[in-house]
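# Breakdown of the fold
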Amino acid sequence: MTCLLCERVKLTDQGGYGFLIKEFKHSYLMLGEHQFFKGYSVLVLKEHYREMTDIPSPIREEFFQEMMTSSKAIEEVFKPKKMNMCSLGNVVDHVHWHFFPRYESDPQFFDPPWLRMKEFDGAKITPESAKLTIEKIRSVMK
Ligand SMILES: [Zn+2]
């Protein structure tokens, strides 16, 4: 069975994925295809590992630094009240981290972001707005 994220990594390697923010040594930071939570992004490990604990050293530690760099940049641009970072992998078991910036204005601030997932499709990002958001995040990641 093909892995959806291995396919996306391959597409990104070939320059064919339009929402790439940054290529790191071990991962790709991609802007979320919906922006229900403004700034929502996903960090995808290039190699297929099922669990964080499966990733050998020093790749795991370096990947952790890539996570921190990604989160910091999104925080700097969007100034959320809180950053929610989640790695679940029940649907696609290829290590990836979701970055959900959460804002003061969110009436469901105390709930996990996934409780709103039925509304995500209504907040699909346009290519123009994705381009602007990607540039903003890139500008703080030297
Ligand atoms: Zn995979």
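This structure is a prediction, so every number in the text was calculated from the model and none was measured.

### Overview of the overall build of the protein
- When helices and strands are counted, the protein shows three helices and five strands.
- In terms of overall dimensions, the protein is globule-like: its C-alpha atoms have a radius of gyration of 15 Å, near the 14 Å expected for 142 residues.
- With respect to the principal axes defined by its C-alpha atoms, the protein has extents near 40 × 30 × 30 Å.
- The buried share among the 142 residues of the protein stands at 42%.

### Considerations on the pairing of strand β1 (residues 20-23)
- Pairing of β1 with strand β2 (residues 27-31) involves three bridges; the strand directions are antiparallel. What sits directly across from lysine 22, in β2, is leucine 29.
- Linking β1 to β2, which pair antiparallel, is a turn of three residues.

### Examining the coordination of the zinc ion
- Protein ligation of the zinc ion involves Cys3 (SG), Cys6 (SG), His48 (ND1) and His94 (ND1), the donor distances falling in the range 2.0 to 2.3 Å.
- Each of the four donor atoms bound to the zinc ion contributes to angles spanning 107 to 117°, and the resulting shape is tetrahedral.
- Of note, the zinc ion draws all its donor residues from one chain, in the sequence arrangement C-x2-C-x41-H-x45-H.
- Classification of cysteine 3 as buried rests on a relative accessible area of 14%.
- We classify cysteine 6 as partly exposed; its relative accessible area is 29%.

### A few points about the sheet that holds strand β5 (residues 96-102)
- Overall, antiparallel pairing links the five strands, which are arranged β1-β2-β3-β5-β4 in an open sheet. Pairing within the sheet leaves two strands with one partner each, and these edge strands are β1 and β4 (82-86). Taken pair by pair, the neighbouring strands of this sheet meet at an average axis angle of 20°, ignoring direction.
- Each of β2, β3 (41-45), β4 and β5 is contacted by helix α2 (residues 59-78), which is oriented at about 20° to β5, the strand it contacts most.
- Each of β1, β2 and β3 touches helix α3 (residues 127-139); the most contacted strand, β1, lies at about 30° to it.

Conventions adopted
Sequence order as written defines residue numbering, which begins from 1 separately in each chain. Where totals are concerned, whole chains, interfaces and linings use all residues; where local detail is concerned, this predicted model gives features only for residues with pLDDT of at least 70, and gives and counts side-chain atom pairs only at 80 or more. The basis for the side-chain values is all heavy atoms of the structure; hydrogens and waters are excluded. A run of H or I in DSSP counts as a helix once it spans at least four residues, and a run of E counts as a strand once it spans at least two, with each numbered from the N terminus. Each radius of gyration reported is based on C-alpha atoms, and the globular scaling rule is 2.2 Å times the count of residues to the power 0.38. Partly exposed describes any residue whose relative accessible area lies between the buried limit of under 20% and the exposed limit of over 50%, with all areas from a 1.4 Å probe on protein chains only and scaled to the type maximum. Pairing between two strands is assigned when DSSP locates at least 2 bridges connecting them. For Na, K and Ca the donor cutoff is 3.2 Å, while for all other metals N, O and S atoms count as donors only within 2.8 Å; water does not appear among the atoms, so some sites may look incomplete. Only four donors with every angle between 85 and 135 degrees are called tetrahedral; only four or six donors with opposite donors over 155 degrees apart and all others between 65 and 115 are called square planar or octahedral, in that order; all others are irregular. Working convention: axes come from line fits to C-alpha atoms, limited for helices to the stretch in contact. Angles between N-to-C directions cover 0 to 180 degrees. We call two residues contacting when some pair of their heavy atoms lies within 4.5 Å.

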